[in-house]
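Observations on the three-dimensional arrangement
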Protein chains: 2
Amino acid sequence: MEDIARAAGVSTATVSRALNKPDSVSGELRRKVTSKVRELGYVPSGAARALASNRTFTVGAVVPTLNNAIFAASIEAFEETLSKNGYTLLVTVSNYDPTHEVEQIRRLLEREVDALMLVGLDHHDDAWRLVERSGCPTVAIWGHAKNPAIPCLGFDNASAAAHAIDHLVELGHRRIGMVAGISDGNDRARARRRGVERALKRHGLPVDAGLFTERPYSHNDGRAGFAEVMDRNDPPTAIMCGNDVLAMGVLFEARDRGIAVPAELSVIGFDNLPITEQLSPALTTIQVPSVAIGTASANAIVAHLADGSPIHSQTFDAPFVLRGTTRAVP
Amino acid sequence: MEDIARAAGVSTATVSRALNKPDSVSGELRRKVTSKVRELGYVPSGAARALASNRTFTVGAVVPTLNNAIFAASIEAFEETLSKNGYTLLVTVSNYDPTHEVEQIRRLLEREVDALMLVGLDHHDDAWRLVERSGCPTVAIWGHAKNPAIPCLGFDNASAAAHAIDHLVELGHRRIGMVAGISDGNDRARARRRGVERALKRHGLPVDAGLFTERPYSHNDGRAGFAEVMDRNDPPTAIMCGNDVLAMGVLFEARDRGIAVPAELSVIGFDNLPITEQLSPALTTIQVPSVAIGTASANAIVAHLADGSPIHSQTFDAPFVLRGTTRAVP
DNA sequence: TTGAAAGCGCTAACAA
DNA sequence: TTGTTAGCGCTTTCAA
């Protein structure tokens, strides 16, 4: 920066101003400075800037995984709008491990991110403590609560899942199983399962533990879940799934066993992955507003950082997508 | 840090050492310092550390998109091994726009990343210039070249695609079409297409431009590509695809048109997405070493940053995965 | 509108 | 092994 100042015949303060608040510098000097900057290929030091201004123009995120199209889409949208506003994204993955998440949060806080994004509202005590002590503006995405500890931009996983059950019950299904995601340490998966159980009760149907199983995130896990639930002497006539990947696993296993969907079995997914509409029959599922959440949370953060405007929780819709894998019980 | 020093009755230098090079401090003081750190919830300032040490322990990456399972997997692996070694990942997406990529690179360089990861070897002149002037250690992934301008960890897209064509020719196919990805500004897509064209020539087959089409990355693009190539009076008996998403689009369109695969048409994909083995028939494709590339490039960067060991280009295997969508020409 | 100068919170010589 | 001290390269008062 000193080189620029010397070359332009001004002080370093003027160089700094010309770069950061161009309006506070006369046109002539501004031009002189920017031309020298280009000429000398000057790239300012983010570290020095951060130290002096106490802003890094960096936002941190810790996500459970990137190997999930829905998260990836959300993060991409998040990054895109951050980037448009001059921020850069530090991403970190927790692998659904709360302890590891704490480490990742600490790492991001050490990097002095201007804000932090977390997935869900289920976190280790140390994570909450860390966030609170740091004073770093933090938002949660993907979750839902009346009074979340931090602003949360998400949707109501439980009631979305419940709507799917309503649909099944309307179609006459009485024995409904669920291949859920692993709910331990995952409030989204837990909410989806809870939503299903509550809806069942509301309709006066029994919640048969033998009809519920939890599985990790792969097609083969879906197949295995299907096998467990169907290999009973009184198998369900419909299966609700914790996500589309599990639902597709269910579909694949049904296909291989010669069980016709939806004629003999109804199946519902959750997420509305692009491929689900291409399947035949196309998967009935629930659409998750992943891009909207990513964009909205980035916008909220940017606005907050710009002028202190408060970050409000937002609840997005997660509409039911009726397609071909559900039908009235035979 | 001064608070810690005061509380522990030592100098700030000792605090710094106790935290960064524990071995250079006596056990007693080290314990005293770390206990005060915990007690006071001290979090070091990355900016100050970066300014003083000229290291940010941060690595930047600019990827075309995260909405591609293969990239996402690679980035996740990359992040995981960086993280294990104390580095944090700054990600940025270019949307396949070379000019935007330059901006993203500049942004990462301003953040003073210790190293940079780029996808492919096709970049704007300004990108190369920027990287070179900065002196920032940079690796490319996903590409392949004899003498790349920067170390490149990838695989030979062209010859992998060529092998697929060899297979088709062996099966007796003579009219082979291709639904390729958009090759403009994408050396991977271009290499795949070139590999196909060269293999065709090598086998003495004509390269019929009407049998080739380029499409973006979605199932519907694959369907449209299929339509274009098949709606000729002399349609191909086999279609090679630039990636699995396009290949699935081709499969879906064939299914909807009542064209039996592989009986009437052979189809080959590229990427080996998890779902391709679940389809019926399962997709014949090419496996891309996405996780290996992510892990290896992170390891190479970490090693280089630790002791200056040079980063060598590496070529990974991209094996042909023979499954059910290819068959001898009728 | 511009410049001088005092830090921002660390690390890394160098000395002790 | 520990402490002293001089920066790292900016931003930001404060004065001019």
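Residues numbered from 1 in each chain as written. Chains lettered and ligands numbered in written order. Predicted model: local features only at pLDDT ≥ 70, side-chain atom pairs only at ≥ 80, totals over all residues. Heavy atoms only, no water.

**Details of the nonpolar core**
Let me state the cut-off plainly: Buried Ala, Val, Leu, Ile, Met, Phe, Trp, Tyr and Cys residues form a nonpolar core when they are joined through side-chain atoms within 4.5 Å. Burial classes: relative accessible area under 20% of the type maximum marks a residue as buried, over 50% as exposed, and values in between as partly exposed (1.4 Å probe, protein chains only). We call two residues in contact whenever any of their non-hydrogen atoms come within 4.5 Å of each other.
Membership of the largest hydrophobic core comes to 151 residues, with the highest contact counts inside it found for Met240(A) and Met240(B). When neighbours within four sequence positions are excluded, Met240(B) is seen to be in contact with Ala161(B), Ala164(B), Ile165(B), Gly177(B), Met178(B), Val179(B), Val196(B), Ile268(B), Gly269(B), Phe270(B) and Ile286(B). The next biggest cluster of nonpolar side chains, apart from the first, holds 26 residues, and it includes Leu90(A), Leu108(A), Val62(B) and Leu108(B).

**Some thoughts on the packing of aromatic side chains**
As a reminder, the rule being used: Only rings of Phe, Tyr and Trp enter the pairing, Trp through its six-membered ring, and a pair is recorded when the two centres are within 6.5 Å. The plane angle decides the type: under 30 degrees is stacked, over 60 is edge-to-face, the rest tilted. In this description a helix means any DSSP run of H or I spanning at least four residues, a strand means any run of E spanning at least two, and both kinds are numbered starting from the N terminus.
Within this structure, the stated rule accounts for eight aromatic pairs over all chains. Ring geometry for Trp142(A) against Phe155(A): centres 6.1 Å apart, planes inclined by 75 degrees, an arrangement best described as edge-to-face. With Trp142(A) in the loop between strand E4 (138-141) and strand E5 (152-155) and Phe155(A) in strand E5, this residue pair connects regions lying 13 residues apart in the sequence. Residue Trp142(A) shares its accessibility class with Phe155(A), and that shared class is buried. Ring centres 5.4 Å apart and planes at 45 degrees place the aromatic pair Phe71(B) and Trp142(B) in the tilted group.

**Examining the protein's contact with DNA strand D**
Formally: Nearness of a residue to a molecule or strand requires only that one of the residue's heavy atoms be within 4 Å of it. Any N or O atom pair separated by 3.5 Å or less is treated as a polar contact, with the protein-specific requirement of one donor-capable and one acceptor-capable atom, and with residues adjacent in sequence counted only for side-chain atom pairs. Polarity classes work like this: nonpolar for Ala, Val, Leu, Ile, Met, Phe, Trp, Tyr, Cys and Pro, charged for Asp, Glu, Lys and Arg, and polar for all others, with Gly in that last group.
The environment of DNA strand D is made up of 23 residues, and the closest members are Met1(A), Ser16(A), Asn20(A), Thr14(B) and Arg17(B). For DNA strand D, a base oxygen lies 3.5 Å from a polar atom in the backbone of Leu51(B). Elements supplying a minimum of two residues to the surface near DNA strand D: helix H2 (12-20) and helix H4 (46-53) of chain A together with helix H2 (12-20) and helix H4 (46-53) of chain B. A class-by-class count of the residues in the surface near DNA strand D yields twelve nonpolar, seven polar and four charged.

**Quick look at the relation of the copies chain B and chain A**
Cut-off, in case you're wondering: When the copies are overlaid, the least-squares fit takes in C-alpha atoms only where the residue has pLDDT of at least 70 in both copies.
Of the two same-sequence chains, chain B is brought onto chain A (RMSD 0.1 Å, axial shift 0.1 Å) by a rotation of 180 degrees. Considering both components of the superposition, the chain copies are consistent with a two-fold axis. Most of the interface of chain B is mirrored in chain A: 100% of its interface residues are interface residues there too.

**With respect to the domain arrangement of chain A**
Rules: Domain ranges listed in this record stem from an automatic or a database domain assignment.
Considered domain by domain, chain A is made up of domain 1 (2-44), domain 2 (56-155 + 290-317) and domain 3 (157-288). For domain 1 of chain A and domain 3 of chain A, the distance between their C-alpha centres works out to 62 Å.

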